[in-house]
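# Examination of the molecular architecture
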Amino acid sequence: MTEQAKSAVPVVVQKYGGTSVGTAERILAIADRIERNLPETPRLVVVLSAMGRTTDELVSLAHQVSERPAGREMDLLLSTGEQITVSLLGLALQDRGLAAVSLTALQCGIRTDGVFNVARIRSIDTERIRAELDAGRVVIVTGFQGINDSNDVTTLGRGGSDITGAALASALGAEACEICTDVDGVFSADPSRVPGARLWGEISYEEAIEMASSGAKVLHPRAAEICMEYDVPIHVRSSFHLREGTWIRGGGQMMERAEVVSVTSDSKIAKITLLDVPDEPGMAARVFEDLAKAGVNIRLIIQSASSERQGRITFILDLEFLDDARKLVQRWETEGVTSSGVVESDVAKISIVGSRLASSPGLAARMFAALGRAGINIDCISSSEMKVACVISADRLDEATRAVHQEFFPENETATASA
Ligand code: ADP
Ligand code: ASP
Ligand code: MG
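Residues numbered from 1 in each chain as written. Chains lettered and ligands numbered in written order. Predicted model: local features only at pLDDT ≥ 70, side-chain atom pairs only at ≥ 80, totals over all residues. Heavy atoms only, no water.

## Remarks on the overall build of the protein
Our working definition: A run of DSSP states H or I qualifies as a helix once it reaches four residues; a run of E qualifies as a strand once it reaches two. Both are numbered from the N-terminal end. Our radius of gyration looks at C-alpha atoms and nothing else; its globule reference is 2.2 Å times the residue count to the power 0.38. Burial classes: relative accessible area under 20% of the type maximum marks a residue as buried, over 50% as exposed, and values in between as partly exposed (1.4 Å probe, protein chains only). Should any heavy atoms of two residues lie within 4.5 Å, those residues are considered in contact. Under the convention used here, a 1.4 Å probe and the Shrake-Rupley method define accessible areas, while residue burial counts only the protein chains that appear. Here the positive residues are Lys and Arg and the negative ones are Asp and Glu; neither His nor the chain ends is included. Taken as the charge centre is NZ of Lys, CZ of Arg, CG of Asp or CD of Glu, depending on the residue.
Of regular secondary structure, the protein possesses 14 helices and 20 strands. Rg of the C-alpha trace for the protein: 23 Å, near the compact-globule value of 22 Å for 419 residues, within the 12% margin. When its C-alpha atoms are laid out on the principal axes, the protein stretches across 80 × 55 × 35 Å. Across the 419 residues that make up the protein, the buried fraction comes to 51%. The long-range fraction of contacts in the protein, counting pairs at least 24 apart against all pairs at least 6 apart in sequence, stands at 75%. Entry remark: accessible area of the protein is about 19,000 Å², with carbon and sulfur atoms responsible for 49%. Averaging the coordinates of the 42 positive side-chain charges in the protein and doing the same for the 58 negative ones gives two points 1 Å apart.

Given below as structure tokens:
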């Protein structure tokens, strides 16, 4: 192939998650996979996560030396995990006689804002990557990290390697962003909770975003948002074989259509109810401004109708922000925002996600009925265009997920049960 013809070959970005690179043997298996497939993907950019639970281990190490590890030093620490995997894969590929180069975010110009721990990518200078691809090398990039304006390392938030993959695929105009993981694709429920879950051949970006933001860990919602904006197809597939997984792309070419595409569960949440909030203008704003200033991520808000000039505000937050929120609750109690804040961490959220949920109220009714038949009490309900979510007791989550899944995908459950 001439140099010109080579650079006309489309780029493919492949992101491998933590389990897929969890041991030296797995890294060797990924090197094999890349080598076998290289004739079909000669311009390949590989994005890697840290090995297995490395990032969790780094977080717990940080907690051993600091009460509230955060900020710049934390990001420098957390980013080290990805540096290990990219260099190991680089060595493994070179050992096979393949040309490969591993790059950190600094070396390949992944620029972010300055918000440590949850930075957002602003731009990618693709010059170095393109030059390496033109030179015939497989380019291996650290996921999850970026560089701010002062060249300090930032990280993109947990699960952020998907975002790196999506951003690189978009910046390079890639043919596809492959998310290679430990399951065969996107299922109608987490296959580790619901063994009979159905594997989708294709879903839309919107469905993927909604599923991911309601707790389906298989893809980071921001990765789907970026690819939707740049019109880059995502292919979620297994790291362990080359069979097709699930394509995520724009509408119009949907092969499969269902009203409910997934039943998602999220156990990493907590619920706070503020009792007797004075029924005055500005009270809700005060509460949520305080939460926003403390960087607390809120998932769902319910304000109940007030009586005797007292209201009640309930909100669901990510479990990781519970300590920050508790401190605020104590302050609000002393400052008269609430008579008492009830904090519950033994709750979980189950959601159904689909394209036409808002226009099919019968689907929500079927979800509630399935929970009712299983004897599971619904604590709060919220709904949006593409989602109906119920907060329930955490110890019933698996049972609830299976009951609701059975309601919407009975044939799959039966097929697995009889298999
Ligand atoms: P990686 O380390 O490759 O990024 P993750 O653990 O972040 O992998 O995501 C893959 C996991 O997502 C799977 O092992 C699976 O248990 C979970 N998951 C949750 N919901 C779904 C779903 N609807 N379809 C597929 N996997 C799901
Ligand atoms: N290693 C990081 C994490 O565990 C990023 C990722 O795996 O996507 O969150
Ligand atoms: Mg992940």
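## Remarks on helix α2 (residues 24–37)
Heads up, the rule is: Every helix has an expected span of 1.5 Å times one less than the residues it contains. Arc definition: it is the arc formed by the directions from the helix axis to the C-beta atoms.
Here α2 spans 20 Å end to end across 14 residues, near enough to the 20 Å set by a 1.5 Å rise per residue. Those residues of α2 lying buried are Ile-27, Ile-30, Ala-31, Arg-33, Ile-34 and Asn-37. Within α2, the buried residues cover an arc of 160° as seen down the axis, which keeps them to one side. Exposed and oriented more than 90 degrees from the buried face of α2 are Glu-25 and Arg-36. In this structure, the buried residues of α2 make contact with β1 (12–16), β2 (44–48), α5 (80–95), β9 (176–181) and β11 (234–238).

## Re the site of ligand 1
Which entries qualify depends on this criterion: Being near a molecule or strand, for a residue, comes down to having at least one heavy atom within 4 Å of it. Counting of polar contacts relies on pairs of N or O atoms within 3.5 Å, with two restrictions inside protein: one atom must be capable of donating a hydrogen and the other of accepting it, and residues adjacent in sequence are counted only when both atoms are side-chain atoms. Here the nonpolar group is Ala, Val, Leu, Ile, Met, Phe, Trp, Tyr, Cys and Pro; Asp, Glu, Lys and Arg are the charged ones; every other residue, Gly included, is treated as polar.
Lining the immediate environment of ligand 1, one finds 18 residues, of which Lys-15, Thr-181, Asp-182, Phe-187 and Asp-190 sit closest. Within the side chain of Thr-181, an N or O atom sits 2.7 Å from an oxygen atom of ligand 1. In this structure, Lys-217 approaches ligand 1 through a side-chain N or O atom, which is 3.1 Å from an oxygen atom. Within the complex, 87% of the 570 Å² of free accessible area of ligand 1 lies under protein. For the shell around ligand 1, the residue count by class is eight nonpolar, six polar and four charged.

## Digging into the nonpolar core
Where we set the bar: Nonpolar cores were defined as sets of buried Ala, Val, Leu, Ile, Met, Phe, Trp, Tyr and Cys residues, with membership established by side-chain atoms within 4.5 Å.
If you look at the biggest cluster of nonpolar residues, it comprises 66 residues, and the most contacted ones within it are Val-45 and Ile-129. Beyond its immediate stretch of four places on either side in the chain, Ile-129 contacts Val-45, Leu-103, Cys-108, Val-139, Val-141, Leu-168 and Leu-172. Judged by nonpolar contacts, the second largest core, of 20 residues, contains Ala-31, Leu-38, Val-86 and Leu-98.

## Some details on the pairing of strand β19 (residues 380–384)
Stated precisely, the cut-off is as follows: Between any two strands, at least two bridges found by DSSP are needed for them to pair.
With five bridges joining them, β19 and strand β20 (residues 387–393) adopt antiparallel strand pairing. Paired with Cys-380 across the strands is Val-391, a residue of β20.

## Section: the pattern of salt bridges
For clarity, the threshold we go by: Note on definitions: salt bridges are taken to be side-chain nitrogens of Lys or Arg within 4 Å of carboxyl oxygens of Asp or Glu.
Summed over all chains, the structure comprises 26 salt bridges. One salt bridge in this structure joins Glu-132 and Arg-128, with 2.8 Å as the shortest N-O distance. Here the residue Glu-132 and the residue Arg-128 both occupy positions in helix α6 (residues 127–134), the gap between them amounting to four residues, near one helical turn. A residue is classified by how much of its surface remains accessible, and Glu-132, at 7% relative accessible area, is buried. According to the relative accessible area criterion, Arg-128 is partly exposed, its value standing at 36%.

## A look at the packing of helix α8 (residues 205–213) against helix α9 (residues 221–230)
As a reminder of what qualifies: Only the stretch in contact is used when a helix axis is fitted, and all axes are lines through C-alpha atoms; the angle between N-to-C directions ranges over 0 to 180 degrees. Roughly parallel here means an angle under 35 degrees, roughly antiparallel means over 145, roughly perpendicular means 65 to 115, and every remaining angle is called oblique. A crossing counts as left-handed when the near helix is turned anticlockwise from the far one by less than a right angle, and as right-handed when that turn is clockwise.
Viewed as axis vectors pointing N to C, α8 and α9 meet at an angle of 160°, and their least axial separation amounts to 8 Å. Here α8 lies roughly antiparallel to α9, going by the angle between them. α8 and α9 meet at a crossing whose hand is left-handed. Counting all contacts with α8, which are made through Tyr-205, Glu-206, Ala-208, Ile-209, Ala-212 and Ser-213, the residues of α9 involved are Pro-221, Ala-224, Glu-225, Cys-227 and Met-228. Counted by class, the contact of α8 with α9 contains eight nonpolar, one polar and two charged residues.

## Structural notes on the sheet that holds β19
Across the sheet, four strands lie side by side as β13-β18-β20-β19; this open sheet has antiparallel pairing. What marks the edges here is a single partner per strand, and that holds for β13 (262–266) and β19. Strand-to-strand twist across the sheet, computed as the mean angle between neighbouring axes with direction ignored, equals 20°. Each of β13, β18 (347–353), β19 and β20 is contacted by α8, which is oriented at about 170° to β18, the strand it contacts most. Strand contacts of helix α12 (residues 361–373): β18, β19 and β20, with the helix running at about 15° to β20, the strand carrying the most contacts.

## A look at the packing of aromatic side chains
Convention followed: Between the rings of Phe, Tyr and Trp (Trp by its six-membered ring), a pair exists once the centres lie within 6.5 Å; its type follows the angle of the planes, with under 30 degrees stacked, over 60 edge-to-face, and the other angles tilted.
One pass over the full model with this rule turns up two aromatic pairs. On the numbers, 6.1 Å between centres and 70° between planes, the contact of Trp-200 with Phe-409 is edge-to-face. With Trp-200 in the loop between β9 and β10 (202–204) and Phe-409 in the loop between α13 (397–408) and α14 (410–418), this residue pair connects regions lying 209 residues apart in the sequence. Each member of the pair, Trp-200 as well as Phe-409, carries the same accessibility label: buried. A centroid spacing of 5.6 Å and a plane angle of 70° characterise the contact between Phe-288 and Phe-315, whose relative ring orientation is edge-to-face. With Phe-288 in helix α10 (residues 283–293) and Phe-315 in strand β16 (residues 310–318), the pair connects residues that are 27 residues apart, well separated along the chain. The class for Phe-315 is buried, based on a relative accessible area of 0%.

## Structural notes on the environment of Arg-299
Tracing the backbone through its elements, the reader meets Arg-299 in strand β15 (residues 298–307). With 19 residues separating them in the primary sequence, Arg-299 and Asp-318 have C-alpha atoms 7.2 Å apart. In this structure, Arg-299 is in contact with Ser-213, Ile-316, Leu-317 and Asp-318, ignoring residues within four places of it in sequence. Looking at Arg-299, its side chain comes within polar contact range of the main-chain oxygen of Ser-213, at 3.2 Å.

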